[in-house]
Protein chains: 8
Amino acid sequence: MNKELLSQVLRQVAAGEVAAEDAARQLQVMACEDIGYAHIDHQRSLRKGFPEVIFGEGKSAEQIAGIMERMGAQESVILVTRVDPSKAQAVLSRFPQARFHSEARMIVWETAPAPVQGRGTILVLSAGTSDIPVAMEAFLTAQAMGNHVEKVIDVGVAGLHRLFRHREMIANAMVIIVVAGMEGALPSVVAGMVSRPVIAVPTSVGYGVSLGGLSALFAMLNSCSSNVAVVNIDNGFGAGYVASMINRA
Amino acid sequence: MNKELLSQVLRQVAAGEVAAEDAARQLQVMACEDIGYAHIDHQRSLRKGFPEVIFGEGKSAEQIAGIMERMGAQESVILVTRVDPSKAQAVLSRFPQARFHSEARMIVWETAPAPVQGRGTILVLSAGTSDIPVAMEAFLTAQAMGNHVEKVIDVGVAGLHRLFRHREMIANAMVIIVVAGMEGALPSVVAGMVSRPVIAVPTSVGYGVSLGGLSALFAMLNSCSSNVAVVNIDNGFGAGYVASMINRA
Amino acid sequence: MNKELLSQVLRQVAAGEVAAEDAARQLQVMACEDIGYAHIDHQRSLRKGFPEVIFGEGKSAEQIAGIMERMGAQESVILVTRVDPSKAQAVLSRFPQARFHSEARMIVWETAPAPVQGRGTILVLSAGTSDIPVAMEAFLTAQAMGNHVEKVIDVGVAGLHRLFRHREMIANAMVIIVVAGMEGALPSVVAGMVSRPVIAVPTSVGYGVSLGGLSALFAMLNSCSSNVAVVNIDNGFGAGYVASMINRA
Amino acid sequence: MNKELLSQVLRQVAAGEVAAEDAARQLQVMACEDIGYAHIDHQRSLRKGFPEVIFGEGKSAEQIAGIMERMGAQESVILVTRVDPSKAQAVLSRFPQARFHSEARMIVWETAPAPVQGRGTILVLSAGTSDIPVAMEAFLTAQAMGNHVEKVIDVGVAGLHRLFRHREMIANAMVIIVVAGMEGALPSVVAGMVSRPVIAVPTSVGYGVSLGGLSALFAMLNSCSSNVAVVNIDNGFGAGYVASMINRA
Amino acid sequence: MNKELLSQVLRQVAAGEVAAEDAARQLQVMACEDIGYAHIDHQRSLRKGFPEVIFGEGKSAEQIAGIMERMGAQESVILVTRVDPSKAQAVLSRFPQARFHSEARMIVWETAPAPVQGRGTILVLSAGTSDIPVAMEAFLTAQAMGNHVEKVIDVGVAGLHRLFRHREMIANAMVIIVVAGMEGALPSVVAGMVSRPVIAVPTSVGYGVSLGGLSALFAMLNSCSSNVAVVNIDNGFGAGYVASMINRA
Amino acid sequence: MNKELLSQVLRQVAAGEVAAEDAARQLQVMACEDIGYAHIDHQRSLRKGFPEVIFGEGKSAEQIAGIMERMGAQESVILVTRVDPSKAQAVLSRFPQARFHSEARMIVWETAPAPVQGRGTILVLSAGTSDIPVAMEAFLTAQAMGNHVEKVIDVGVAGLHRLFRHREMIANAMVIIVVAGMEGALPSVVAGMVSRPVIAVPTSVGYGVSLGGLSALFAMLNSCSSNVAVVNIDNGFGAGYVASMINRA
Amino acid sequence: MNKELLSQVLRQVAAGEVAAEDAARQLQVMACEDIGYAHIDHQRSLRKGFPEVIFGEGKSAEQIAGIMERMGAQESVILVTRVDPSKAQAVLSRFPQARFHSEARMIVWETAPAPVQGRGTILVLSAGTSDIPVAMEAFLTAQAMGNHVEKVIDVGVAGLHRLFRHREMIANAMVIIVVAGMEGALPSVVAGMVSRPVIAVPTSVGYGVSLGGLSALFAMLNSCSSNVAVVNIDNGFGAGYVASMINRA
Amino acid sequence: MNKELLSQVLRQVAAGEVAAEDAARQLQVMACEDIGYAHIDHQRSLRKGFPEVIFGEGKSAEQIAGIMERMGAQESVILVTRVDPSKAQAVLSRFPQARFHSEARMIVWETAPAPVQGRGTILVLSAGTSDIPVAMEAFLTAQAMGNHVEKVIDVGVAGLHRLFRHREMIANAMVIIVVAGMEGALPSVVAGMVSRPVIAVPTSVGYGVSLGGLSALFAMLNSCSSNVAVVNIDNGFGAGYVASMINRA
């Protein structure tokens, strides 16, 4: 339920085109709809400026499509995260305008392009080639939420000259998302170079004591640079979301 | 080394009042000074908009005072965190203009009031009475960095009406810092109410499976609200710092 | 061995219809039967008011059916938990009156409907769509044990208005089972609203630092609301069982 | 704010003895009072049938006394948990009618004896002598909340005949609280004997792999008896509270 | 290399039937043979009274057969543990006299029956049906090492009367192996009944906070009964082995 | 209640010197005595061949003395473990014949020397000087329980020639207790040399990743030698106890 | 970019064969090449004496081949680690001169044999047959980096005479790599025998409390021998690499 | 027992100055001396090129002095680590030539200066001021073992220009010891700059998720630079020791 839709209903009531009782019923459904296996929070885009995002893991293609259908009636951008290719194919057969980004395992369905809402550029940096899926999830989320986004891939701390080549781009970003697995050192180094907030995303890339990303997570939370805040392991979506909130004018 | 100081030196060179060689030597010291037990990074306020902050734990009163002295020559606001009362007393005997906030265990030394740099208000919420020290560390840091800051104490999720009384203040904040121990649920609830970034700070308050704050930390990283980013346990300073970066115009 | 059956045998002895020695032998088998791969505790329904429940995981379809057969001779309700569809099919081919609930992975075999034994309503709440299997396990268990049960699905803390819509139902329940993964915050919020016992069930839903449900578990044990007790991760059955014990008149 | 007090105010308004505006102001304070370092939730006894309990750890004697004073105006029973002897002495010098139970580290202040509200007896069992403080916290809490409570101390599983001597008392209890450290086996054994809910409390008693009570906690959550629910390590208060909720008629 | 074989070689040298140099060479091979992927420790049966046991996991059927061949030349009993059925079939096609016990995933190859070496009976108890594979591994190992062994299955602590039915057998055993998953309480209870050593084997049976057997392991190490010693999770073989060492006359 | 005492009472009844009812009452007290803060299990020495041992930690000197007094009426050897010097002094002032071993923090009170019950020698080995307290606890326990015990201190794996000097003593022991902290490697090495059971005791000696003894514990449970069983961290008493059970003729 | 190549370009510039601008462009590509999914660090062999190694896990065969192609233009030895057989086949179809070592899951592509750069011999020891893959990864890495390498397999601490047979080879090595799973005791024992650095590699071999290699890792870090340094679990490559650095003349 | 001493005894025997039997007895004591609470390994300096080092923690001043006395008869350099000031004073009162370094908590006793044995320079880098004690332990150990050592303090990754100022010194070192707490990122960055082995030492500096140094340790073991090997948390001594082994000519 975006502001447009709400204003429209209220104008209709004011104009006497819709009875108050009918409008009330209509608004109640618009606010929160119970479809058996989910309570769809249509109020969210009013309250938070962006509709609820569908977490695809643990939901069937049918459930995903059902929720998309209900949300599509009210929203112009819908995101589904953590979708595997076969589920995605099933969903896209019903929503052919939606697009599946296999690298990031995301479905993006835009009925209208998101207007740019951000103040500046969000930059996504990744430490290694294997961190690409998480970095792309952050990239696509931030883009779908109306931001100008750029990315630089594979600039880990074992060869800092690769990072320093992009020094200017780093200095000019409004928010920086840094994605890294293994020892999780990149956010500390990047944050030491700038006066902007850095959102660190640990990934589960690694083996042995990488502990499925816990080592990178703990390293990032212990960062000796103070302008670092952290999200859950592999949570590219969350990083893109919170970065959008920060970048919003 | 703030911008003022740097410009002044350069103007003197330009005006012929200072020889180029002398200015070079002077600038080199201003950039990074080795005082035996520490490398003071005077460039930091240039690079990051705020000087290095002194982490008091594990440093003697003498070491703290030594670093303050060197930094005081170039900066107008100096923060020292995690100082116990006896150390604080020793330090303040040398810097009587500095002020010790015992609740937050911080020393704040302002030779000039920090100009307000933030776009809006930073709000600090705490879940319980025992979280006050961490909340105050966040509050004082954000204030010292030139922000308008407000705080509401003891509004945990076991009695949500206490939180809802402050709904408006929450809706109007630019950034919200939420401090909570035990089950760490407050950031999820608050973040669900707004479209602004929430910086969550887990505290070590609790016993048994609170695991020194790890339970609260993990809960916050698992937040079902997407506009939450997290800092280390008890890291009120970091939360205040990153919130300032976000709030900066 | 329910009370009915025991009384019947004793009446037969009293009436001289059965010799004491024969009755003794018969009662001994009824108390505890050794069938090679299991000791069936027939006394349990006498001692605890409900027969032993068969934990399906790690047992073959044949073993499950074997135990059901022996128990069926003495009990009117038999539950099997954690059964996958193929095992269920094999079991149901021998007990066609039994019913498989695929969502909850449970077999319920009632030869007679369980008489309602509870004082009031047991309410099952779940935080998300993915928690449905665990919530259904709790729901079916409580129902099979003779309780009036209701459920509300997908009312997590990121949109509290969804929860508050059901405020009355929550206030009227005798016991509330709250099922949640990720940050596990829902039990604290619900428990803060009522003066009834809340049984919290953490689920393994989530990724990264959800740690297979440990984060939700720890959050629930740390609840700042005091009327919360907790069962093992994904243990919907246990929650339904203990809630039944509480609700029993 | 108990029901009595609320009714009295409303009767005065009805009788014209108090102006509506004055009553409104008075009721607002009665609902939730902000005293700087705490938001006192006076509504709690209305909502939950028992006033907020003061967690003494991390609060000064002065803060405790301040909260007691505000609550004492409205409640007839006030509990303070986790108070060390010196703090207790300071508090009792201001509230001489209150009583300090040193074993349980609790202050109980009853201006009127709590009317018995429970349906039956709550039984507290402890596995060892060292578990006494936690067992006593549970005992005193349940008693203060208006229950008939009994206790049996030091009946661990290494000598089951000690437990079996009390078989009848166990069979007759409405709710059983079982307190145990080390291997945490007692709740499973007790729960196997009865058809009533068992609230298990792990304690931090032990060394080495007792891991501060985590081993006992995990054992209890893994109980092969299904009528067991668990509270946090050393949380005798929580066990007494939830048992009271269960026992309430 | 058992004592028989060694004595025989030495007798041949003494009798002049074999040259000293040839005997030396022969004995050296008999002591420790390098077959590329393994150093076979033929001395072990001399040193420890039982030959090396082949740990099947992570070895190919070919490697297992290769080692069996070399050992078979010198030993009369050979054990292979942790063999899956397909590997077992491949191995048995080369050693048709060997026998595969699928429940315990063990191959036992006896060219001659092991003479009874134990002083008394070793009793294997298991807490549940799912613990059978580990219990059988212990049973078969102890049997192959020349002991009289008995077993009782599914006598967990939730129904102690099942255990007490076997009280006499328990009292008469020389060593007791207790196998249990979940809360791991059975060893404490059994050990409290006897004055014999109890070897506890935690199993990985369970879910959630069973943590793959860690909870049972920790509970057993924390046993309040002092005659309990513990082996690794699922290590039925080790329990059978150490019990044999204890039982040896 | 040892066998002597029991036989005596029964003989008196048989001789008509004591009435049956008086004997019954007397025996009941002898079996299990409730002294408020403890249930003393007098039956234990009948059931297990050795009286209950008093765990001193968390008990006051008064409680310890109280239990000793009751036990002293029936037993000839009483052990108290984990007693600090000041408590010990208070206890010994009441039982001057008892002896305090400060190194092992144990009180041993023998009214008559324990008759040797063991088949052979129990050998206690320790890896380092800092493991001495735990090694001594094992040594004294085994000695008090009627065994011939020897010990060798500081023979860690970093200099194996120190261990090999004692090869013969190791080969001749009936049971070997191996005490080690840090990497916990000594039990594997010793167990590889003999065909007798090895009881491994991890100690909390070390720093960093010694994790309070968990690393040593885990190493010992993973031992590649199969004749190793393990007790809790720092549990010298348990090792001495279980070794005595093994050594008993 | 090895020294040869760099010198050649510079010589061409000096000889006027190549224009300075062209050389600059050429050198820039040679230093760091961005191929979309990776930043290839061609400078590494200049800076570190050995080219970047390709970590195969999480990369497609196509990506691996793409990186090999770019690197092959400048380097004479290329390593790819953690390649499964099917990926390896796809890669080798494009680089038929490269060789796949299936045991170690490595591809080694040498266009010219690596000149021996090491001062002495690197010796690789493994504790068991299952540790072979990790040991071989270390062996092949050290060999490819120009060292003389030897190996001894399956010499665990449960039969030390197997190790002592190779005493001389151990004494003569310049660096020793010790690979072990389970209790991880071998490095301590080996390090106690020599005055050379020992690089310990824990493996994930084991079950139960081996915790995927964490137990072995912690044991090695706790080694009572001081000449031990440790690399990540299963990191044979890292051990070979750091041993080469140490051995380099 | 250094080589000098051994040769001297042998020369005396050869010259007939000492009888063979007397020499044998003398050499045996020189090899391994049992002084009750310790087995002194005099052979170690022969075997490993440096005498045993005394770990001071958990030893009394008297024990330390006793061991020093025995070792002093044969060695020219003796180190004692982890000594607190009061113990140090007691020890130095008996060995006035020894020197206590309070910062590093070490006693160094040199009767003759250690001859330089190293090939090049060992460089010690520390990330922060609080890491100084561990860095100094490494520094003094390496120096006492006959190396040329340099150090640079407080060059963490949040301000890389501080590190880069020392680029040349880093490039010229033979071995580099990097000491860091918190996120432990420094070793990766330094190792990326050089082709020499880096020994990483995690410290317990930090709070919250630093987990007493585990986070830094895990980060270091996960280093994306391959020339890093790691020692235990706070183990400056071990780092100095292993670096000496590497540097030895």
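Bear in mind that the values here come from a model prediction, so they are computed numbers and not experimental data.

Novice: Lay out the interface of chain B and chain C with the relevant residues and their values.
Specialist: Counting residues at the interface gives 22 residues for chain B, matched by 22 residues for chain C. Between chain B and chain C, roughly 1,900 Å² of surface is buried when both sides are summed, and carbon and sulfur atoms account for 69% of that area. At the surface where chain B touches chain C, the tally comes to zero salt bridges. Secondary structure elements with two or more residues in the side of chain B that touches chain C: helix 7 (160-164), helix 9 (186-191) and helix 10 (214-221) of chain B. Among the elements that make up the side of chain B that touches chain C, the one with the highest residue count is helix 10 of chain B (four residues). Classifying every residue of the side of chain B that touches chain C gives 14 nonpolar, seven polar and one charged.

Novice: Please set out the relation of the copies chain B and chain C residue by residue, giving values where relevant.
Specialist: These two copies of the chain differ by a rotation about an axis and a displacement along the same axis. Overlay of chain B on chain C (RMSD 0.1 Å): rotation 180°, translation along the axis 0.1 Å. Taken together, the turn and the small shift mark the pair as related by a two-fold rotation axis. Across chain B, the rotation axis passes nearest the C-alpha of Ala185 of chain B, at a separation of 2.6 Å.

Novice: Which residues make up the confidence of the model for chain A, and what are the values?
Specialist: Mean pLDDT for chain A: 88, with 91% of residues reaching 70 or above. Scored by ipTM, the complex comes to 0.88, with pTM at 0.91.

Novice: How would you sum up the arrangement of the chains? Please name residues and give values.
Specialist: Regarding chain B and chain F, the two do not touch, and the least distance separating their C-alpha atoms is 15 Å. One thing to see here is that chain C and chain F don't touch, and their nearest C-alpha atoms sit 21 Å from each other.

Novice: Summarise the side chain of Arg82 of chain D; cite the residues concerned and give the values.
Specialist: Mapping Arg82 of chain D onto the fold places it in the loop between strand 4 (77-81) and helix 5 (85-94). Of the polar contacts made by the side chain of Arg82 of chain D, one reaches the backbone oxygen of Asp234 of chain D; its length is 3.0 Å. Arg82 of chain D has contacts with Tyr207 of chain B together with Phe55, Gly56, Glu57, Arg105, Glu137, Asp234 and Asn235 of chain D, leaving out every residue within four places of it along the chain.

Novice: How would you sum up the interface of chain B and chain A? Please name residues and give values.
Specialist: Counting residues at the interface gives 32 residues for chain B, matched by 32 residues for chain A. Roughly 2,500 Å² is buried in total at the junction of chain B and chain A, and carbon and sulfur atoms are behind 56% of that figure. The largest share of the area that chain B buries against chain A comes from Lys48, Leu221 and Ser226 of chain B, three residues that together contribute 21% of it. At the boundary of chain B and chain A, one finds three residue pairs in polar contact (both at pLDDT 80 or more). Taken together, the elements giving at least two residues each to the side of chain B that touches chain A come down to helix 3 (44-48), helix 10, strand 11 (228-230) and helix 11 (236-247) of chain B. Here the side of chain B that touches chain A takes six residues from helix 11 of chain B, the largest share from any one element. Residue classes in the side of chain B that touches chain A are distributed as 18 nonpolar, nine polar and five charged.

Novice: Tell me what's going on with the relation of the copies chain B and chain A, and back it up with residues and numbers.
Specialist: Once turned by 180° and shifted 0.1 Å along the axis, chain B lies on chain A with an RMSD of 0.2 Å. Both copies present the same face, since 100% of the interface residues in chain B are matched by interface residues at the equivalent positions in chain A.

Novice: Report on unusual backbone geometry, specifying residues and quantitative values.
Specialist: A positive phi angle, near 70°, is found at Asp154 of chain F, a position not held by glycine. When you line up the elements, Asp154 of chain F lands in the loop between strand 8 (148-152) and helix 7 (160-164). Its relative accessible area of 9% is what places Asp154 of chain F among the buried residues. Of note, the phi angle at Arg82 of chain G is positive, near 55°, even though the residue is not glycine. With relative accessibility at 10%, the residue Arg82 of chain G sits in the buried group.

Novice: Break down the pairing of strand 9 (residues 175-180) of chain B for me, citing the residues and quoting the values.
Specialist: Residue and element names in this part refer to chain B. With six of six residues buried, strand 9 lies mostly within the body of the structure. Burial along strand 9 is two-sided: the residues Val175, Ile177 and Val179 and Ile176, Val178 and Ala180 are all buried. Examined bridge by bridge, strand 7 (residues 121-126) and strand 9 share five bridges and lie parallel to one another. Paired with Leu123 across the bridge in strand 9 is Ile176.

Novice: Describe the pattern of salt bridges, naming the residues involved and giving the relevant values.
Specialist: Residue and element names in this part refer to chain G. Counted under the stated rule, the structure contains 14 salt bridges over all chains. In this structure, Glu69 engages Arg94 in a salt bridge whose closest nitrogen and oxygen atoms are separated by 3.2 Å. Of the two residues, Glu69 is situated in helix 4 (residues 61-72) and Arg94 in the loop between helix 5 (85-92) and strand 5 (99-101); the sequence distance between them amounts to 25 residues. A residue is classified by how much of its surface remains accessible, and Arg94, at 43% relative accessible area, is partly exposed.

Novice: Could you give an account of helix 11 (residues 236-247) of chain D, naming the residues involved and the relevant values?
Specialist: Three- or four-residue spacings in an α-helix give side chains the same orientation, since the helix completes a turn every 3.6 residues. The end-to-end C-alpha distance of helix 11 of chain D is 16 Å, a good match for the 16 Å that 12 residues give at a rise of 1.5 Å each. All of the buried residues along helix 11 of chain D are Gly236, Phe237, Gly238, Ala239, Gly240, Tyr241, Val242, Ala243, Ser244, Met245, Ile246 and Asn247 of chain D.

Novice: A description of the layout of surface pockets should follow, citing residues and the corresponding values.
Specialist: Estimates place the volume of the largest pocket at around 1,500 Å³. Taken together, 36 residues form the lining of the largest pocket, with Leu214 of chain A, Leu214 of chain C, Leu214 of chain E, Leu214 of chain G together with Leu214 of chain H sitting closest to its centre. At the level of secondary structure, the elements contributing two or more residues to the lining of the largest pocket comprise helix 10 (214-221) of chain A, helix 10 of chain B, helix 10 (214-221) of chain C, helix 10 (214-221) of chain D, helix 10 (214-221) of chain E, helix 10 (214-221) of chain F, helix 10 (214-221) of chain G together with helix 10 (214-221) of chain H. Considered class by class, the residues forming the lining of the largest pocket number 29 nonpolar, six polar and one charged.

Novice: Explain the sheet that holds strand 5 (residues 99-101) of chain C to me, and be specific about the residues and the numbers.
Specialist: All names here are of chain C. Taken in spatial order, the four strands line up as 3-4-6-5 in an open sheet, and their pairing is mixed. In the strand order of this sheet, the two ends are held by strand 3 (54-55) and strand 5, each with one partner. Here helix 6 (residues 132-144) sits on the sheet in contact with strand 4 (77-81), strand 5 and strand 6 (106-110), set at roughly 15° to strand 6.

Novice: Can you tell me about the environment of Lys87 of chain H, naming the residues and giving the values?
Specialist: All names here are of chain H. Within the secondary structure layout, Lys87 lies in helix 5 (residues 85-94). On the accessibility criterion, Lys87 (19% relative accessible area) is buried. Taking C-alpha positions, Lys87 is 9.1 Å from Ile64, a pair spaced 23 residues apart along the chain. In terms of polar contacts, Lys87 uses its side chain to reach the backbone carbonyl oxygen of Lys59, at 2.7 Å.

Novice: Talk me through helix 10 of chain B; I want residue IDs and the actual numbers.
Specialist: The element helix 10 of chain B is extensively covered by neighbouring structure, given that eight of its eight residues are classed as buried. Turning to helix 10 of chain B, its buried residues number three or more, namely Leu214, Ser215, Ala216, Leu217, Phe218, Ala219, Met220 and Leu221 of chain B.

Novice: Residue-level account of the pairing of strand 4 (residues 77-81) of chain F, with values.
Specialist: Residue and element names in this part refer to chain F. Judged by how many residues are buried, strand 4 sits mostly within the fold: five of five residues are covered. Where burial is concerned, the two faces of strand 4 agree: the one with Val77, Leu79 and Thr81 and the one with Ile78 and Val80 are both buried. As judged from the two bridges shared by strand 3 (residues 54-55) and strand 4, these two strands associate in the parallel manner. When the sheet's bridge partners are listed, Ile54 is paired in strand 4 with Val80. Handedness of the crossover joining strand 3 and strand 4 through helix 4 (residues 61-72) is recorded here as right-handed. Of the strand pairs in this sheet, strand 4 and strand 6 (residues 106-110) are connected by four bridges, and their pairing is antiparallel. Among the inter-strand pairings, Leu79 is bridged to a residue of strand 6, identified as Val108.

Novice: So what's going on with the packing of helix 4 (residues 61-72) of chain D against helix 5 of chain D? Which residues, and what values?
Specialist: All names here are of chain D. Packing of helix 4 against helix 5 leaves a shortest axis separation of 9 Å and a crossing angle of 40°. In terms of crossing hand, the pair formed by helix 4 and helix 5 is right-handed. In contact with Ala61, Ile64, Ala65, Met68 and Glu69 of helix 4, helix 5 contributes Lys87, Ala90, Val91 and Arg94. Partitioned by chemical class, the residues of the contact of helix 4 with helix 5 number six nonpolar, no polar and three charged.

Novice: Could you give an account of the packing of aromatic side chains, with specific residues and numbers?
Specialist: With the rule as written, the count across this model stands at 33 aromatic pairs over all chains. Three or more aromatic residues joined by ring pairs make a cluster, and in this case those are Phe50, Phe237 and Tyr241 of chain E. Over the ring of Tyr207 of chain B we find Arg82 of chain D, and its NZ or CZ is 3.9 Å from the ring centre.

Novice: Mind laying out the sheet that holds strand 6 of chain F, listing which residues take part and the relevant values?
Specialist: Residue and element names in this part refer to chain F. What the four strands build is an open sheet, ordered 3-4-6-5; its pairing is mixed. Either end of the sheet is taken by a strand with one partner, and the two such strands are strand 3 and strand 5 (99-101). Across the sheet, helix 5 (residues 85-94) touches strand 5 and strand 6, and the angle it forms with strand 5 is around 170°. This element, helix 6 (residues 132-144), spans strand 4, strand 5 and strand 6 of the sheet and lies at about 15° to strand 6.

Quick notes on the rules
Residues numbered from 1 in each chain as written. Chains lettered and ligands numbered in written order. Predicted model: local features only at pLDDT ≥ 70, side-chain atom pairs only at ≥ 80, totals over all residues. Heavy atoms only, no water. Contact = heavy atoms within 4.5 Å. Buried area = accessible area lost by both parts, 1.4 Å probe. Salt bridge = Lys/Arg side-chain N within 4 Å of Asp/Glu carboxyl O. Helix = DSSP H or I, 4+ residues; strand = E, 2+ residues; numbered from the N terminus. Nonpolar A, V, L, I, M, F, W, Y, C, P; charged D, E, K, R; others polar. Least-squares fit on C-alpha atoms with pLDDT ≥ 70 in both. pLDDT = per-residue confidence, 0-100. Polar contact = N/O pair within 3.5 Å; in protein donor to acceptor, adjacent residues only side chain to side chain. Buried < 20%, exposed > 50% of the residue type's maximum accessible area, 1.4 Å probe, protein only. Pairing = 2+ DSSP bridges. Expected span 1.5 Å × (residues − 1). 1 Å grid on protein atoms, 1.4 Å probe; cavity = no way out; pocket = protein on both sides within 12 Å on 5 of 7 lines; lining within 4 Å. Points joined across faces, edges and corners; volume = space filled by probe spheres on them. Axes fitted to C-alpha atoms, helices over the stretch in contact; angles between N-to-C directions. Right-handed = clockwise from strand over helix to strand, strands pointing away. Left-handed = near helix turned anticlockwise from the far one by under 90°. Phe/Tyr/Trp six-rings, centres within 6.5 Å; stacked < 30°, edge-to-face > 60°. Lys NZ or Arg CZ within 6 Å of the ring centre and 35° of its normal.

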